[in-house]
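Descriptive analysis of the structure
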Amino acid sequence: MILQRKRILLIISGGIAAYKSLDLIRRLRERGASVRPVMTAGAQAFVTPLAVGALAADKVFTELFSREDEQDVGHIRLARDCDLILIAPATADLMAKMANGHADDLASTILLATDKPVLAAPAMNPKMWTHPATQRNHQTLVGDGIHFIGPTSGEMAESGEKGEGRMAEPLEIVAAVEALLDTGDKPLAGKKAIVTSGPTHEPIDPVRYIANRSSGKQGHAIAAELARLGAEVTLVSGPVTIPDPKGVTTIHVERAEDMRDAVLANLPADIAVMVAAVADWRVASAAGNKIKKQPGEAPPPLILAENPDILKTIGRHPQRPTLVVGFAAETQNVAENGRSKLERKGADYIIANDVSPETGIMGGDRNRVKVIGKAGDEDWPEMGKQVVAERIARLIASHFA
Ligand code: C5P
């Protein structure tokens with residue numbers, strides 16, 4: 001009964017998915033929440049304030065400069081007198097405004113003035129969602145601490161186009177609201193966790209390096225999720241372009257050897273989750289100066305040396321954390337390779353995924369994993385990396401219950 005007596009400020013912005021917000025209001029209310037609706041001008045072109053107000057059993061707020069509303073409640077109070085602000089649907093335009101701090105209507109002003117958690121359920125045409133501008137805004141908002149649910153893949157209501165951009169279903173949104181408001185649940189309180197994430201860069205000379213396509217999205221999401229469940233988290237991150245997660249101590253490193261040193265320096269810990277795509281090899285002796293191309297000379301050979309295996313080091317360490325989780329990025333024989341890694345590296349779990357280029361997993365937002373544990377394997381369906389992170393964090397917490 002997490003939603004009992006919770007006050008949700010629901011911002012509806014202008015998209016065809018606004019029709020689903022009517023059902024969303026019902027779902028929230030039947031779980032005991034009160035819903036105070038705010039509609040943008042665009043939203044009112046899709047659903048009427050009359051319908052929204054009737055389902056919410058509350059006044060619908062639409063104007064920033066309404067004397068009556070300002071005297072009655074006021075935009076600052078709207079922004080603060082609630083437990084959570086939910087934006088459903090969140091259009092590309094509203095996301096752009098939020099990312100840039102605009103406050104030119106009631107919805108954007110509330111979002112700038114609030115100190116409450118904000119959950120956005122984006123809905124837009126797939127081309128609009130994948131546009132670099134929207135992706136940039138999304139990253140910015142994630143960095144600002146805005147929570148997201150969806151968008152999901154499927155057919156668009158208006159154009160029949162397929163792709164990512166559909167608003168999450170009302171019940172998925174309700175579950176995300178519940179997860180955010182579920183503050184009493186800190187099963188990892190008092191536990192210390194070390195997470196590695198991202199690629200490593202192995203220098204060839206001061207300007208060149210060997211790298212891989214890891215984005216850090218999965219590792220960062222796991223670090224944030226463990227922190228949300230109460231753990232004290234140190235994230236050791238290779239070079240990535242995504243922001244440091246909130247509520248986590250992040251240490252930035254470049255080379256595998258630096259990553260290992262940072263991990264070892266943070267022992268003892270209760271939990272280790274090694275998600276980083278650590279380079280197996282480094283250049284045996286990186287040049288101190290930029291290697292020059294000499295006319296007529298053969299290209300310089302790259303002699304490689306083996307990097308330390310951080311997971312294995314941790315899995316067999318005298319101060320081994322109680323729970324050690326590794327990842328296995330494979331392009332073939334995912335299950336078999338994962339299981340042999342479990343043994344070889346002394347891990348409790350290996351989360352194996354197929355990173356063949358056609359899966360789009362490496363660098364993408366979605367993941368499909370096989371959880372390989374001592375007791376057996378479990379195939380999880382394809383889901384967002386955020387949801388994978390939530391489930392892995394819950395799995396870890398179950399060991400400390
Ligand atoms: O052997 P492989 O690289 O596939 O193993 C993957 C797992 O081992 C991941 O959890 C990764 O973070 C970890 N690893 C490591 N140090 C290495 C190589 C891999 O910690 N040098």
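Every value quoted in this text rests on a predicted model; they were computed, and no experiment measured them.

**Focus: the sheet that holds strand E19 (residues 369-373)**
Sheet architecture is open: eight strands sit in the order E12-E11-E8-E13-E16-E17-E19-E20, paired in mixed fashion. Sheet topology places strand E12 (249-252) and strand E20 (376-379) at the edges, where each strand pairs with a single neighbour. Each adjacent strand pair in this sheet contributes to an overall mean axis angle of 15 degrees, direction not counted. As paired strands, strand E8 (residues 192-197) and strand E11 (residues 232-237) are joined by six bridges and run parallel to one another. Bridge pairing in E11 places Thr196 opposite Val236. Where helix H14 (residues 385-399) meets the sheet, it contacts strand E13 (271-274), strand E16 (323-330), strand E17 (349-354), E19 and E20, and its direction lies at approximately 150 degrees from that of E16.

**Let's talk about the packing of helix H1 (residues 18-30) against helix H2 (residues 49-56)**
Put simply, H1 and H2 touch, their axes get as near as 9 Å, and they point 10 degrees apart. Accordingly, the angle class assigned to the pair H1 and H2 is roughly parallel. Listed contacts from H2 to Leu22, Ile25, Arg26 and Arg29 of H1 are Ala51, Val52, Leu55 and Ala56. By residue class, the composition of the contact of H1 with H2 is six nonpolar, no polar and two charged.

**Brief notes about the sheet that holds strand E1 (residues 7-12)**
Spatial strand order, E2-E1-E3-E4-E5: five strands in an open sheet with parallel pairing. Looking at which strands have only one partner, the edges of the open sheet turn out to be strand E2 (34-39) and strand E5 (147-148). Relative to strand E4 (residues 118-122), strand E3 (residues 84-90) runs parallel, the two sharing four bridges. Bridged to Ile85 within E4 is Val118.

**Quick word on the site of the ligand**
Close to the ligand lie 13 residues, the nearest being Met274, Ala276, Pro308, Phe327 and Lys341. At a separation of 2.7 Å, a nitrogen atom of the ligand approaches a polar backbone atom of Pro308. One nitrogen or oxygen atom from the side chain of Lys345 is found 2.9 Å from an oxygen atom belonging to the ligand. Protein coverage of the free-state accessible area of the ligand, which is 440 Å², stands at 88%. Looking at the shell around the ligand, the elements that each hand over two or more residues are helix H12 (310-315), E16 and helix H13 (334-345). Here the shell around the ligand is composed, by residue class, of eight nonpolar, one polar and four charged.

**Some remarks on the packing of aromatic side chains**
For the structure shown, the criterion picks out zero aromatic pairs. In this structure, Lys59 is placed above the aromatic ring of Phe61, and the distance from its NZ or CZ to the ring centre is 5.4 Å. If you follow Arg391 out to its NZ or CZ, it ends over the ring of Trp380, 4.3 Å from the centre.

**A short note on a nonpolar patch on the surface**
Judged by side-chain polarity, Ile16, Tyr19 and Phe46 come together as a nonpolar surface patch covering roughly 290 Å² of accessible area. Along the chain, Phe46 falls in the loop between E2 and H2. Accessibility expressed as a relative area gives 42% for Phe46, which makes it partly exposed.

**Some words on the pattern of salt bridges**
Under the definition given, this model contains 27 salt bridges. Across the salt bridge formed by Asp379 and Lys370, the nearest N and O atoms sit 3.1 Å from each other. Take Lys370: its relative accessible area is 17%, and that puts it in the buried class. One salt-bridge network, held together by shared partners, links Asp23, Arg26, Arg27, Glu30 and Arg31.

**Focus: the domain arrangement of the protein**
Annotation of the protein at the domain level lists domain 1 (7-181) and domain 2 (192-400). Computed from C-alpha coordinates alone, the two centres of domain 1 and domain 2 are separated by 35 Å. If you look at the interface, domain 1 gives seven residues, while domain 2 gives six residues. In this assembly, domain 1 packs against domain 2 so that about 570 Å² is buried in total across both faces, 45% of it on carbon and sulfur atoms. Per-residue buried area on domain 1 facing domain 2 is highest for Gln139, Gly143 and Ala179; these three make up 51% of the total on that side. Scanning the region where domain 1 abuts domain 2 turns up zero salt bridges.

**Considering the environment of Gly346**
Checked against the element boundaries, Gly346 lands in the loop between H13 and E17. Between the C-alpha atom of Gly346 and that of Arg316, which follows or precedes it by 30 residues, the distance is 6.1 Å. Excluding anything up to four places from it in sequence, Gly346 contacts Gly315, Arg316, Arg320, Val324 and Lys341.

**With respect to helix H9 (residues 170-181)**
Look at H9: 16 Å from first C-alpha to last across 12 residues, which is about the 16 Å you get at 1.5 Å a residue. Taken together, the buried positions of H9 are occupied by Pro170, Ile173, Val174, Ala176, Val177, Leu180 and Leu181. Seen end-on, H9 carries its buried residues on one side only, within an arc spanning 160 degrees. Residues of H9 that are buried make contact with E1, H1, E3, E4 and E5.

The rules behind the values
- Residues numbered from 1 in each chain as written.
- Predicted model: local features only at pLDDT ≥ 70, side-chain atom pairs only at ≥ 80, totals over all residues.
- Heavy atoms only, no water.
- Pairing = 2+ DSSP bridges.
- Helix = DSSP H or I, 4+ residues; strand = E, 2+ residues; numbered from the N terminus.
- Axes fitted to C-alpha atoms, helices over the stretch in contact; angles between N-to-C directions.
- Contact = heavy atoms within 4.5 Å.
- Parallel < 35°, antiparallel > 145°, perpendicular 65-115°, else oblique.
- Nonpolar A, V, L, I, M, F, W, Y, C, P; charged D, E, K, R; others polar.
- Near = heavy atom within 4 Å.
- Polar contact = N/O pair within 3.5 Å; in protein donor to acceptor, adjacent residues only side chain to side chain.
- Areas by Shrake-Rupley, 256 points an atom, 1.4 Å probe, with all protein chains shown as cover.
- Phe/Tyr/Trp six-rings, centres within 6.5 Å; stacked < 30°, edge-to-face > 60°.
- Lys NZ or Arg CZ within 6 Å of the ring centre and 35° of its normal.
- Patch = residues over 30% accessible without salt bridge, like charges linked within 9 Å, V, L, I, M, F, W, Y side chains within 5 Å.
- Salt bridge = Lys/Arg side-chain N within 4 Å of Asp/Glu carboxyl O.
- Buried < 20%, exposed > 50% of the residue type's maximum accessible area, 1.4 Å probe, protein only.
- Domains from an automatic or database assignment.
- Buried area = accessible area lost by both parts, 1.4 Å probe.
- Expected span 1.5 Å × (residues − 1).
- Arc of directions from axis to C-beta.

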